[in-house]
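A look at the structure
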Amino acid sequence: MSKHYLFANWKMYLDLKESVQLAEDFVKIKYPKDSEVAVFPTALAFEEVVKVLDGKAASGAQNIYWAEKGGYTGEVSAEMYKALGAKYVLIGHAERRHIFHETNSDVRQKIEAVLELGMTPVLCVGETGKERDESQTETVLETQLRAAFMDLSFKKDLDIIIAYEPVWAIGTGKSCEPAEAMRVAKLIKNWTKGLLGREPVVLYGGSVRSNNVKQYVVNDFSGILVGGASAKIDSWRELIEELK
Ligand code: PGA
């Protein structure tokens, strides 16, 4: 069986104390064999959470800035996260793109910075509800992928993970119909293979809960990126139970 990625994006749901408590509860769970669990806490809680995880789960940044150091008020670099043990970085999450107006070109620079450090980018792509209604899903996703990987040169042994997260499914309780999500995952694999010469690992994200998780950890999906249901121990535990 190939590896399953179970990624928990805690967004800005928890303060330092709550993050540490949740990390303590996370590591007590028995995860299915061959799963790679990673936690994405806030920058504020990052160091303390990594200490609690103590290698039992991996960690990742929710966002980075591509410069190493300098006058960039409010930002944190990939180097700084790496020094604390981060393995992964979420890049181009829908909330970054749509609330903070992050562009495809920002995404491209962030991917490069992360790959240069030998970390694994988790590129998030997805269409809005309006784009889906206007049959723009394929165009939007292909554009996001092309822009993210444009003229990118990197060592071929580095991993790339792509999370398909339809914007309309994030935090809404309306997850994407599994057959449709699978169809899109296949397209993402094909486009990326055309652009980079190999298939990426593809995850699904967007209202993953215990009652639907099983449908997204099969076939063309290698795992899940979970927001809301990962930020409370009961819903996370129930979700993991479904995978056993
Ligand atoms: P959600 O968020 O699980 O709360 O829908 C997913 C994400 O934004 O990564």
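A quick note: this is a predicted structure, and the numbers were derived from the prediction, not measured.

Digging into the pairing of strand 8 (residues 223–226)
The two faces of strand 8 match: Gly 223 and Leu 225 on one face and Ile 224 and Val 226 on the other face are all buried. With 4 bridges connecting them, strand 1 (residues 4–9) and strand 8 associate as parallel partners. The residue of strand 8 that forms the bridge with Tyr 5 is Gly 223. As paired elements, strand 7 (residues 201–205) and strand 8 share 2 bridges and run parallel to each other. Paired with Tyr 204 across the strands is Ile 224, a residue of strand 8.

Looking at the packing of aromatic side chains
Applying the stated rule across the entire model yields 13 aromatic pairs. Judged by centre distance (5.9 Å) and plane angle (70 degrees), the rings of Tyr 204 and Phe 221 are edge-to-face. Here Tyr 204, found in strand 7, pairs with Phe 221, found in the loop between strand 7 and strand 8; they are 17 residues apart in sequence, far enough to count as distant. When its relative accessible area of 0% is taken as the criterion, Tyr 204 is described as buried. For Phe 221, a relative accessible area of 2% translates into the label buried.

Notes on the nonpolar core
Core analysis: the largest hydrophobic core is formed by 67 residues, its most contacted members being Phe 149 and Trp 236. A total of 7 residues in this core trace back to one element, the largest contributor, which is helix 8 (residues 178–196). In contact with Phe 149, not counting residues within four places along its chain, are Ile 111, Leu 123, Ile 160, Ile 162, Thr 192, Leu 195 and Leu 196. Formed by 13 residues, the second largest nonpolar core is a distinct cluster that contains Tyr 5, Phe 40, Ala 58 and Leu 203.

Re helix 8
Two residues of an α-helix separated by three or four positions point the same way, owing to the 3.6 residues in each turn. The end-to-end C-alpha distance of helix 8, which contains 19 residues, comes to 26 Å, matching closely the 27 Å that a straight helix rising 1.5 Å per residue would cover. Buried residues of helix 8: Pro 178, Glu 180, Ala 181, Met 182, Val 184, Ala 185, Ile 188, Lys 189, Trp 191, Thr 192 and Leu 196, and no others. Contact partners of the buried residues in helix 8: strand 5 (120–125), helix 6 (129–133), helix 7 (137–149), strand 6 (161–164) and strand 7. Two residues or fewer past helix 8, Gly 197 is found with a positive phi of approximately 85 degrees.

Re helix 9 (residues 233–242)
Those residues of helix 9 lying buried are Ile 233, Trp 236, Leu 239 and Ile 240. On an axial view of helix 9, the arc spanned by its buried residues comes to 130 degrees, and they lie on one face. Lining the buried residues of helix 9 we find strand 1, helix 1 (16–26), strand 2 (35–40) and strand 8.

Looking at the site of the ligand
Taken together, 13 residues lie around the ligand, and Lys 11, His 93, Glu 165, Gly 171 and Ser 207 are the ones closest in. Within the contact set of the ligand, an oxygen atom lies 2.8 Å away from a backbone nitrogen or oxygen of Ser 207. Measuring from an oxygen atom of the ligand, one finds a backbone N or O atom of Gly 228 at 2.8 Å. Here the ligand loses 99% of its free accessible area of 280 Å² to cover by the protein chains. Class assignment for the residues of the shell around the ligand results in 4 nonpolar, 7 polar and 2 charged.

Quick notes on the rules
- Residues numbered from 1 in each chain as written.
- Predicted model: local features only at pLDDT ≥ 70, side-chain atom pairs only at ≥ 80, totals over all residues.
- Heavy atoms only, no water.
- Buried < 20%, exposed > 50% of the residue type's maximum accessible area, 1.4 Å probe, protein only.
- Helix = DSSP H or I, 4+ residues; strand = E, 2+ residues; numbered from the N terminus.
- Pairing = 2+ DSSP bridges.
- Phe/Tyr/Trp six-rings, centres within 6.5 Å; stacked < 30°, edge-to-face > 60°.
- Core = buried A, V, L, I, M, F, W, Y, C linked by side-chain atoms within 4.5 Å.
- Contact = heavy atoms within 4.5 Å.
- Expected span 1.5 Å × (residues − 1).
- Arc of directions from axis to C-beta.
- Near = heavy atom within 4 Å.
- Polar contact = N/O pair within 3.5 Å; in protein donor to acceptor, adjacent residues only side chain to side chain.
- Areas by Shrake-Rupley, 256 points an atom, 1.4 Å probe, with all protein chains shown as cover.
- Nonpolar A, V, L, I, M, F, W, Y, C, P; charged D, E, K, R; others polar.

Note that every value here comes from positions in space, so none of it alone points to a role or purpose.
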